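# Examination of the molecular architecture
One letter stands for each residue in the lines below.
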Amino acid sequence: MPANWHQLSTREVLDLLKSSRHGLNEITAAERILQYGSNELTEGKRKNIGGIFITQFKDVMILILLVAAVVSGFIGDFTDTIVILCIVLFNAIVGFFQEYHAEKAIQTLKKMARAQVRVFRNGVVTTIPASDLVPGDLVLLEAGNAVPADLRLLKAVQLKLDESALTGESQSVEKISDPLLTAALPVGDQLNMAFKGTFVSYGRGTGIVVATGMQTELGRIASMLQEKETRTPLQERMTAFGKKLSVVVLTLCILFFLAGWWRGEDPVTILLTSISMAVAAIPEALPAVITISLALAAKRMIRFNSLIRKLPAVETLGSVSYICTDKTGTLTKNKMFLEQVFVNGRRYRRKELENIQQSSDLPLLLQAIALNNDTIITEDDTLTGDSTEIALMELALELNINRSDWPRIAEIAFDADRKLMTTFHRHGNEIIAFTKGAPDILLQQCTEKNKTVLLEQVNEMAAEGLRVLGFAYRRWMELPQNPEAAVHESELIFLGLTGMIDPPREEVSDAVAQCKSAGIVPVMITGDHALTAKNIAQRIGILNNEQERVLTGQELAAMDAVQFEADVEKIRVYARVSPEQKLQIVKALQQKGHYVAMTGDGVNDAPSLRRANIGIAMGISGTDVSKEAAHMILLDDNFSTIIKAVKEGRRIYDNILKFIKFLMTSNLGELLTLLIGPLIGLPVALLPIHILWINLVSDGLPAISLSYEKAEKNIMTRPPRPVSQGILSVGIGWHMFWVGILMAAIALGAQAWCIRNQMHWQTIVFNILCISQLGHVLAIRSQKYFLPLRNFFSNRLLMGSVLFTLLLQLLVTYSPLLQPIFKTEALSLYEFVFAGAVSSIVFIAVELEKALFGKRKSA
């Protein structure tokens, strides 16, 4: 089958498909359905529910926890086993529901395709299921119909199609049946084609089926939806971190076993001790804390009109270095606005019109704008109709143009071939006809002598991205009988031009500036024309200099992959691009090492939304398919909301790093205390129940509260995190190392001192490690500010969790009911003050580190 159906005449299409204007007969249709298959979307290999659930256990950190659970059960510590398995199951359930919902996008596409259609079979109009359509069938279209397959239009009577789901453009497209000369045309420019998944908004027509099922434009998008999703930055970094952690823990345990064996200790005893050390080193709470923190952030982001569908998207926002955004409705208001009027040889801005209404032709032009208009004004003063006509009527209402004395008595309706519309009005004793339409065609019917000058004006306005309409009039002594375009749209007197545009949202320019100051590159991708896209991009600051380029879909199609990859970082605006090209743009930027956010609202956007590091669907104008494919949904369709979400994403990632730093430092302190103590002749400092309490309670509650820590001041003036930056980068590894050693040194020194002085040494060491970690969590709230210089109670939840954890620690130490369970003993006042004073060393040391090596600034 040829790909250039739009270039062929209707006769050539009928001959090529061996059909006729009477349609196919039933025998031929039956043969073709065997040849081409049903007109349905097929799926790639789908995961069943069990498969989706099992994949949740493939993460490295989860596998380490599962091994730890098995080992704990093997050595008889069933409490650890149960707790670890509960944590793993919790994470698996959350991940399962995320992926299960993501897999529903293709199902939504299939629902769009199911319908009943009217076709010619054996020369008779009959209704059949859309799934039974085959190439060569003749389909009848009328207002309200969904287009059931890809059609080459044979007849178009004032036919308009809503192609927004497929192209992303909100305005209905006027269709024709004549062949088009240009070979490589984007879907949105193939005016004699109707595509599966679009809708008839006006008029009627007939089309011949040229493609069905997966061969349609919608089918190609469905096949692209099976593109593998990218892993999030946090998933990649946690995988790398988990591998490193497993190597370190395994190495330390082997060294501990070899040292014990070398000292002549019982091999079985030292093996079990080594295994329990490995369990102690694993941060059991870490996956749960991350999941809970992301869920809390997702809930909080609803306040910013951001609905998170996939939890890792919260953190991914903080890594984004490119935001590829649609124009219509996201950067702009999705509403046409009349900006300029050209009349009497001069161009006027809208705000100037009130002061120049006495200009010779302006009142008549404004009258034409108000009267040659099919906008309906409802009882509650709402305007309904075509968006262009609504923009014209809004100006007429704003200037109080009188319409009641000019009743419409006849009209010549608009059609796509002549691109003109004429209305006849009675005014007093005369008849006046107003004609509007495409300026180049309108001028051909005018008596105006300076047509070249006027066409130059049209080109200048169009170069500014304006949609230009021309207006003219003609007076009649009496109403023509049966007005016809060929006769009564001639010898017109030119009135003027109007320039309209879908203007930028007021807040977008500031959002783009914030985007750039945060090191993020905004890129516009639109189905609109290049001149309009360029104008909007310049207005809002996406295009600032000559090095930043505008590229059309046709130009992109002419480039090879190597050339495009070399130029992709210079391109700021893409116009008239296809779904495959959107996907190509995302992949090219990712190959350059960028994390890409992609916005979209149409079916055509779904593959690129799924492939992007974070896909952002529109909540108001978005299709169900785009929402199912996206990671996040903008509830207000506003670009500035993305910037707020990026700030939140950076804040939550900073806080995730803080509680990774906190948890891993605590675990390292415990591990070194257990490892070094026996090597220097001290008894094992902690029991398994102590380790579990520290890891899940003393560490877990403050770690979750860290997710509420407020953003650092420079959060939106620093560049995005580099792709290569791991969890242990930016000094975190060094901090964990020296603070972990300090905690162990304090605990072991206190243990030795207490044993020598016959104090309750094990309970004291248990309290020292717990309280040290509470001091540590307070100190790491900021990477560079002293705690006293920050608002001490800015994170009240953290302060509350620290006090609550301290209270629980007191209960565990002093409650007669809990002492047998936790193997603790009541401390004397001296012993408790000693434990508290020694524990404060960690807090003081971390604060001194910030003073000596951080940038000391007031908060």
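Residues numbered from 1 in each chain as written. Predicted model: local features only at pLDDT ≥ 70, side-chain atom pairs only at ≥ 80, totals over all residues. Heavy atoms only, no water.

## Observations concerning the pattern of salt bridges
Oppositely charged side chains are able to pair whenever their charged atoms sit close together. Short version of the rule: Here, a salt bridge means any side-chain nitrogen of Lys or Arg that lies within 4 Å of a carboxyl oxygen of Asp or Glu. Secondary structure elements are taken from DSSP: a helix is a run of H or I of four residues or more, a strand is a run of E of two residues or more, and numbering for both begins at the N terminus. A simple rule labels every residue: compare its accessible area, found with a 1.4 Å probe on the protein chains alone, to the largest value its type can have, and call it buried under 20%, exposed over 50%, or partly exposed in between.
One pass over the full model with this rule turns up 32 salt bridges. Its salt-bridge partner being E580, residue R220 comes within 1.2 Å of it at the nearest N-O pair. Of the two residues, R220 is situated in helix 8 (residues 217–224) and E580 in helix 22 (residues 579–591); the sequence distance between them amounts to 360 residues. According to the relative accessible area criterion, R220 is partly exposed, its value standing at 26%. In this structure E580 comes out as partly exposed when scored by relative accessible area, which is 27%. Put simply, D654 and R718 hold a salt bridge, and the shortest N to O gap is 2.7 Å. Linking D654 in helix 25 (residues 639–679) with R718 in the loop between helix 27 (700–705) and helix 28 (732–756), this pair joins segments that are 64 residues apart in sequence. When its relative accessible area of 23% is taken as the criterion, R718 is described as partly exposed. Three or more residues joined by partner-sharing salt bridges are found here, namely E26, R121 and D137.

## Some points on the sheet that holds strand 11 (residues 346–349)
Note the cut-off: Strand pairing requires that DSSP identify at least two bridges connecting the strands. Between N-to-C directions, angles span 0 to 180 degrees; the directions come from axes that are lines fitted to C-alpha atoms, helices contributing only their stretch in contact.
Reading across from one edge, 11-10-18-17-16-15-14 is the order of the seven strands in this open sheet, with antiparallel pairing throughout. Where the open sheet ends on each side, the last strands, each with one partner, are strand 11 and strand 14 (408–412). Averaged over all pairs of adjacent strands, the angle between their axes in this sheet comes to 25 degrees, without regard to strand direction.

## What about the side chain of E489?
What counts, and what does not: Whether two residues are in contact is decided by their heavy atoms, any of which lying within 4.5 Å being enough.
Within the secondary structure, E489 is located in the loop between helix 17 (485–488) and strand 18 (493–501). Each residue touching E489, except ones within four places of it in the same chain, is listed here: I412, R418, L420, M421, T422, T435, Q445 and E484.

## A word on helix 30 (residues 796–814)
In an α-helix, one full turn covers 3.6 residues, which means residues spaced three or four apart are oriented alike. Rules: The span one expects for a helix is its residue count, reduced by one, times 1.5 Å.
Along its 19 residues, helix 30 runs 27 Å from first to last C-alpha, staying within 8% of the 27 Å computed at 1.5 Å per residue. Turning to helix 30, its buried residues number three or more, namely L798, M799, S801, V802, T805, L808, Q809, V812 and T813.

## Concerning the packing of helix 28 against helix 32 (residues 829–853)
So the rule is basically this: Here roughly perpendicular refers to angles of 65 to 115 degrees, roughly parallel to angles under 35, roughly antiparallel to angles over 145, and oblique to all remaining angles. By the definition used in this description, the sense in which the near helix is turned from the far one sets the handedness, with an anticlockwise turn below a right angle giving left-handed and a clockwise turn giving right-handed. When residues are grouped by polarity, Ala, Val, Leu, Ile, Met, Phe, Trp, Tyr, Cys and Pro land in nonpolar, Asp, Glu, Lys and Arg in charged, and all others, Gly among them, in polar.
It is the contact of helix 28 with helix 32, at a shortest axis distance of 11 Å, that shows an interaxial angle of 160 degrees. Relative to helix 32, the element helix 28 lies roughly antiparallel. For the pair helix 28 and helix 32, the crossing hand works out as right-handed. Residues H735, W738, V739, L742, M743, I746, A750, W753 and C754 of helix 28 form the contact with helix 32, whose own contacting residues are Y830, F834, V838, I841, V842, A845, V846 and E849. Taken together, the residues that form the contact of helix 28 with helix 32 break down as 15 nonpolar, one polar and one charged.

## Considering a nonpolar patch on the surface
Condition: Surface patches are drawn from residues lacking salt bridges whose relative accessible area is over 30%; two like charges belong together within 9 Å, two nonpolar side chains (Val, Leu, Ile, Met, Phe, Trp, Tyr) within 5 Å. To be clear on the numbers: accessible area is Shrake-Rupley with a 1.4 Å probe, and residue cover counts the displayed protein chains and nothing else.
A grouping of L250, I254, L258, W261 and W262 is seen on the molecular surface, where their side chains present a nonpolar patch of about 640 Å² in accessible area. Position of L250 among the secondary structure elements: in helix 9 (residues 233–262). L250 sits in the exposed class, given a relative accessible area of 54%.

## Concerning the packing of aromatic side chains
Worth spelling out the cut-off: In this analysis, rings of Phe, Tyr and Trp, with Trp reduced to its six-membered ring, are considered paired at centre separations within 6.5 Å, and the interplanar angle assigns stacked below 30 degrees, edge-to-face beyond 60, and tilted for intermediate values. Only when the NZ of Lys or the CZ of Arg is both within 6 Å of the ring centre and within 35 degrees of the ring normal is a charge said to sit over the ring.
Tallied over the full model, the rule gives five aromatic pairs. Between F564 and Y574 the ring centres are 6.4 Å apart and the planes differ by 75 degrees, which places this aromatic pair in the edge-to-face class. Remark: Y574 occurs in strand 21 (residues 571–575) and F564 occurs in helix 21 (residues 561–567); sequence separation between them is 10 residues. As far as the burial class goes, F564 and Y574 line up, both buried. Residue placement shows K160 over the ring face of Y202; its charged tip is 5.9 Å from the ring centre.

## Here's the deal with the nonpolar core
Heads up, the rule is: Residues grouped as a nonpolar core are buried Ala, Val, Leu, Ile, Met, Phe, Trp, Tyr and Cys residues, joined through side-chain atoms within 4.5 Å.
Counting residues in each nonpolar core, the largest one holds 99 residues, and the members touching the most others are I323 and F639. The biggest single contributor to this core is helix 25, with 14 residues. Among all residues touching I323, those that are not within four sequence positions of it are C515, I520, V521, P522, V523, A597, F639, I642, I643 and V646. The next biggest cluster of nonpolar side chains, apart from the first, holds 48 residues, and it includes V521, I525, L556 and L589.

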